[in-house]
Amino acid sequence: METREISHCVSTPGWALFSLNNIEEMLQCPVCFDFMDSPIYQCRNGHTICLSCKPRVKNICPSCIQQMDDDIRCLLLEKMAKSVEICCKYKEYGCHEIIPSCNKHKHEDSCDFRPYNCPRSTLGCCVNGDISTLVSHLANHHMAEIITDSNFQRRFPIAHLRHDQTCSTWIPHVSHCFGQYFCLHAEATFLKDVAPIYMAFVYFMGNDMDACKYRYRLEIEGNGRKFIFEGIPQSLRENQMRIKDRGDALIVMRSLPHFLEEETRTRRLEITVQIWKI
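Residues numbered from 1 in each chain as written. Predicted model: local features only at pLDDT ≥ 70, side-chain atom pairs only at ≥ 80, totals over all residues. Heavy atoms only, no water.

**Considering the overall build of the protein**
(1) Moving on: Helix and strand counts for the protein come out as 8 helices and 19 strands.
(2) Moving on: Relative to its 278 residues, the protein shows a buried fraction of 43%.
(3) Moving on: Considering only contacts within the protein whose residues lie at least 6 apart along the sequence, 53% involve residues at least 24 apart.
(4) Moving on: Working note: accessible area of the protein is about 15,600 Å², and carbon and sulfur atoms make up 49% of it. (Helix = DSSP H or I, 4+ residues; strand = E, 2+ residues; numbered from the N terminus. Buried < 20%, exposed > 50% of the residue type's maximum accessible area, 1.4 Å probe, protein only. Contact = heavy atoms within 4.5 Å. Areas by Shrake-Rupley, 256 points an atom, 1.4 Å probe, with all protein chains shown as cover.)

Structure (structure tokens):
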């Protein structure tokens, strides 16, 4: 029997026509709620579970609490999983793609609608979501200042840093310009028995492709000295450790802030930020 398709439905070769919602429900793991792909296991009562969750529940069926010692496979669902097309799991964020199940993980790993991690994720923040959610989160939970300008200046007092940590960051600053959001990240890395290394760069709160449409400039000066960095904003998709390893940022070495200020003034980093669209 040939495969047939009609609006809002999915057909599988040799079987009756199923609604898309019914198939997604049948192929949803009861533990992680993700799509089940081969191999799919079942208990003696026919309840199914995915490969990764079976050891997590210690081989106890989450539906009927029966032991699942035998590796009984649900071959019918496995065959169905290979044949159907399903919705992207990020449909709640705006993705309306219907994709072959065999391409599901590949699509979702690079889906433009997948949620973004909080810029403070390296400090232990586990929040993720779309851009508007993260902007509100940064303002409400990380006390970020929201700026509606592409050119601004911010002062970062060094005395406010916590020296009992390997890495200490200042409060983030979010700029809303050109219809987009940018986040200024500034931190200090403390090494044993030496003065800290300071680093600052700008996040683009969006994907890599859109980030390439912008440039930014960071400048610090004082006491007859000036240091400038220009670059492409880092997408929130970018891993922060890779950014630091590349040194793709304004880097101020150790005691340099002392030379940028007069002896009578408080030590601080005073950064001028300029963002523009190319």
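**Remarks on helix 3 (residues 75-83)**
(1) Moving on: Within the sequence span of helix 3, burial applies to L77, E78, M80 and A81. For helix 3, the angular spread of buried residues about the axis comes to 165 degrees, placing them on one side. Away from its buried face, by an angle of more than 90 degrees, helix 3 presents the exposed residues L75, L76, K79 and K82. (Arc of directions from axis to C-beta.)

**Describing the sheet that holds strand 19 (residues 268-277)**
Paired through their backbone hydrogen bonds, the strands of a sheet run either parallel or antiparallel.
(1) Moving on: Spatial strand order, 10-19-15-16: 4 strands in an open sheet with antiparallel pairing. If you trace the sheet from one side to the other, it starts and ends with strand 10 (151-157) and strand 16 (225-231), each paired once. Neighbour to neighbour, the strand axes of the sheet diverge by 20 degrees on average, direction disregarded. (Pairing = 2+ DSSP bridges. Axes fitted to C-alpha atoms, helices over the stretch in contact; angles between N-to-C directions.)

**Looking at the side chain of S235**
(1) Moving on: Among the structural elements, S235 can be located in strand 17 (residues 234-235).
(2) Moving on: Among the polar contacts made by the side chain of S235, one reaches the main-chain carbonyl oxygen of G206 at a distance of 2.6 Å.
(3) Moving on: Polar side-chain contacts of S235 include one of 3.0 Å to the backbone nitrogen of R237.
(4) Moving on: Setting aside residues no more than four positions away along its own chain, S235 makes contact with Y203, F204, G206, N207, D208 and A211. (Polar contact = N/O pair within 3.5 Å; in protein donor to acceptor, adjacent residues only side chain to side chain.)

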